[in-house]
Every structure is written in structure tokens, then in C-alpha cells.
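Take a look at the letters that make up each chain.
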Amino acid sequence: MAWRGCVMKWAKTEFLRSINTTSRSTRLNPQNQQRCGFRREAKRLETKKGNVTQETKPPPPPKVPRPSLFKPLMFTVGFTGCSFGAAAILQYETLKLRVRNAKEEAESQKLLQGSQDMTYWHDWWDQLSGFQQQLILLVSMVDDFWSSLTDGQRTVTGIIAVNAVVLCCWRIPSMQRSMIKYFTSNPASKTRYLPMVLSSFSHYSIVHMAANMYVLWTFSSGIVSLLGKEQFLAVYLSAGVISTMVSYMCKTATGRLYPSLGASGAVMAVLAAVCAKMPEAKLGILFLPVITFTAGNALKALVAIDTAGLILGWRLFDHAAHLGGALFGVWYVAYGHKLIWRKREPLVKLWHDMRSPGAGGSRPGGWW
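Residues numbered from 1 in each chain as written. Predicted model: local features only at pLDDT ≥ 70, side-chain atom pairs only at ≥ 80, totals over all residues. Heavy atoms only, no water.

Description of the environment of Pro72
Going by this rule: Where helices and strands are cited, they refer to DSSP runs of H or I of at least four residues and of E of at least two residues respectively, numbered from the N terminus. Per-residue accessibility, obtained with a 1.4 Å probe over protein chains only, is compared with the maximum for each type, and a residue is labelled buried under 20%, exposed over 50%, and partly exposed between these values. Throughout, a residue-residue contact means that at least one pair of heavy atoms, one from each residue, lies within 4.5 Å.
Positionally, Pro72 belongs in helix H3 (residues 70–112). Owing to a relative accessible area of 0%, Pro72 belongs among the buried residues under this scheme. Residues Pro72 and Met196 lie 124 residues apart in sequence; the distance between their C-alpha atoms is 8.6 Å. In contact with Pro72, other than residues within four places in its own chain, are Arg192, Tyr193, Met196, Met245 and Tyr248.

Below is the structure:
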């Protein structure tokens, strides 16, 4: 009996130890904690209603409405018309000023002829100080350099200067917010009209600006000799706005609403106009002068690259703006010049009548 009681007591003790050990290991086992937590979380995600089990789903992302492009389109049409109208009036005023200056110069030459000799100018030069003489020589050198430039190069000098000033403004930290708002074009932005013009004079990268301005400088002589400086300015400004409008349309259609900047669209219009008008002209690469190709082949290659970039979704350049500018340049030299510029005479005659009331038609030889 004593042995049996000891055995029963020993068995009861071992049984209690095993129960305590199992319960302690269950509490300390992290796997069991994860399973219990997973089961409880699963029960929370499931809601039973009758015999149907439903799972909660995250709400769908809000849909971004596509911006309306009607007002930017109207701005593009209005700005293009105003650009060509202002160019026609500017050409009229320039020709009128040239005729007036030519008459005054001829009269002054008659008055000064024989009245003074070289001794007078030598005496005047000797009376100047050394600083004044150096300043006059410097101004004379600048004037000689300016006179050696072509009409196209003198015209684009102002465009290059404006681009350089805007590039410097990008480096000022306090102006970053204003530069992004007004000098980058984005169809999703609240300010969409003024950036269509200003973004064509805006470059953030020095390399980007240098490449665009080099191409513009190279083709400026050809385009200005072909169109004249006033018509060239109208084409350049209109091409910048039209290329941005084409970019707006492509961005809105694809849903890729990102900002862009640069004069590439306007420069492509200039390049395309010259290449379309003179397709047999020989062109070369700056660092590879041995390689030459015709202007027509260069235009085809550029259009093909931008088309591929637009289809494949390349984000390095704004290929839609490039294509818009190139197509506008080709269209203008083929049809636009006849449709727009050759019909400017009624506007110029109206301006002439406004400037000189009662003089309209009094001079059959011209407006001035």
C-alpha cells in the first residue's frame, strides 16, 4: 500500500509538472502568438451577414480630371494673330524710319561737305583725355563687331540675352516658386496661358540653353534673309506657343501631366523652315566636321526621332513640342506665308490711316 501510494503520488506530481511546462511553453512560443494574432486579425476583416462572407477592400484612388484645353487653344490663336499683326506694323514703322533717316543723312552730308577738314578732327582728338580716347576706341570696336554681324545674328542676339537672364533667375533661391509657376508649362497648372510664352525663353540647364541658342544662331541668317526680321520674330513667338499647345494636347491625352520648358519647339520651327525651303543645303556637325548631310535628310531624321520618342514615351525631351514646332515651320514656309503675311496690307493701311488721318491714298507711291 505504501509503494502504491508513493507511485500514485509520483505520477500525480509528474502530471502536474507536464501541464505547467506545456502551458508555459505555449505562452512563450512566438509562433503560437503569431498564429493567434493572425486568426484574430482574419476574424476582424471578415463580416458575416446571413450566409454571405464579405471582405473589406481599400477605397479606389481618386480620379484626376483632365484639364480643359479650350481656353489655351483660344489663347494660342489670339497670340499668333497678334504676333503677326504686330510684326506687320513693326515692319511698316521700320521702313518709314529708314526712309526718313536716309533723307536726313543725305541732307547732312550736303551741309558738311567741304565745311570742315581733317585738321579739325585731329585737334578735337588731341583735346580728349586718355580714358576718353580708350572709351571711344572700345565703342568703335563694338560698333565694328556689331556691323559685321548679319541681320539674323543681330536679331537673335536679343533672344539669347533674354534666355541668359532667365537662366540666371533660375539660380536665385527666392525666385524658384515664381519661376516654376510662370516659366514652366504644365496643362494641370492653374497658370497655363502666360507660361506658354515665357517657357520658350526658359532653360534650367546651361547645356540645354547652349544647344538651343547655337542652333538658333546658326540658322538665324538663313531664316531672316528668307522672311525678314519682323516676320521671323512673329514666326518664332508663334512657334513657341503652338508647340506648347501641341505638348498640352499630348500630355492631356496620355495623362502624363508633367511640366516642361525650353525654346526647343521654337528653334525646331526655325530649323524646319530653313530645311524645308532649302533641302539641298549641306549641313554638318560641330565636333564632326567631316560628316556632312543635306538639310532635307536632317529634318527627316529629327522628325523620325521625335516621333519615336513620342510613341515610346521617352521623357528626356518634350518630343510633342518638337514635332509641333517642326510641323508649324514646314507649314508656314509652304502655305502660311501666303495665307497670313501676304494679306497684311489692309491692316497696315488701317494703321497708316490711324497714324496720319486724312492722308490715306494721298501718296500713290506708298504708305509713308
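Topic: the layout of surface pockets
Operational definition: Both cavities and pockets are sets of points on a 1 Å grid over the protein atoms alone; in a cavity a 1.4 Å probe fits but cannot get out, in a pocket the set is open with protein on both sides within 12 Å along at least five of seven lines, and lining residues sit with an atom within 4 Å of a point. Grid points are joined across faces, edges and corners, and a volume is the space filled by probe spheres set on the points. Amino acid classes used here: Ala, Val, Leu, Ile, Met, Phe, Trp, Tyr, Cys and Pro are nonpolar; Asp, Glu, Lys and Arg are charged; the rest, including Gly, are polar.
Taken as a whole, the largest pocket encloses approximately 900 Å³ of empty space. Taken together, 24 residues line the largest pocket, and the ones lying closest to its centre are Ala211, Tyr214, Val215, Leu271 and Leu302. If you list the elements that add at least two residues to the lining of the largest pocket, you get helix H9 (206–227), helix H11 (264–277), strand S3 (282–284), helix H12 (295–312) and helix H13 (319–339). If you tally residues by element for the lining of the largest pocket, the top one is H9, at seven residues. A class-by-class count of the residues in the lining of the largest pocket yields 16 nonpolar, seven polar and one charged. If you add up the space inside the second largest pocket, you get close to 430 Å³. Around the second largest pocket, the lining comprises 24 residues; the ones closest to its centre are His208, Ser260, Leu261, Gly262 and Asp318. Of all elements in the fold, only helix H10 (229–254), H11 and H13 reach the threshold of two or more residues within the lining of the second largest pocket.

A closer look at the nonpolar core
Where we set the bar: In this description, a nonpolar core means a group of buried Ala, Val, Leu, Ile, Met, Phe, Trp, Tyr and Cys residues linked to one another through side-chain atoms lying within 4.5 Å.
Grouped together as the largest cluster of nonpolar side chains are 40 residues, with contacts concentrated most on Leu216, Ile223, Phe232, Tyr236, Val270, Phe328 and Tyr332. When residues of this core are traced back to their parent elements, those giving at least two are H3, helix H6 (151–170), H9, H10, H11, H12 and H13. Here the element with the most residues in this core is H11; it accounts for ten residues. In contact with Val270, other than residues within four places in its own chain, are Leu216, Phe219, Ile223, Phe232 and Tyr236. Listed in part, the six residues of the second largest apolar core include Leu69, Val197, Met245 and Tyr248.

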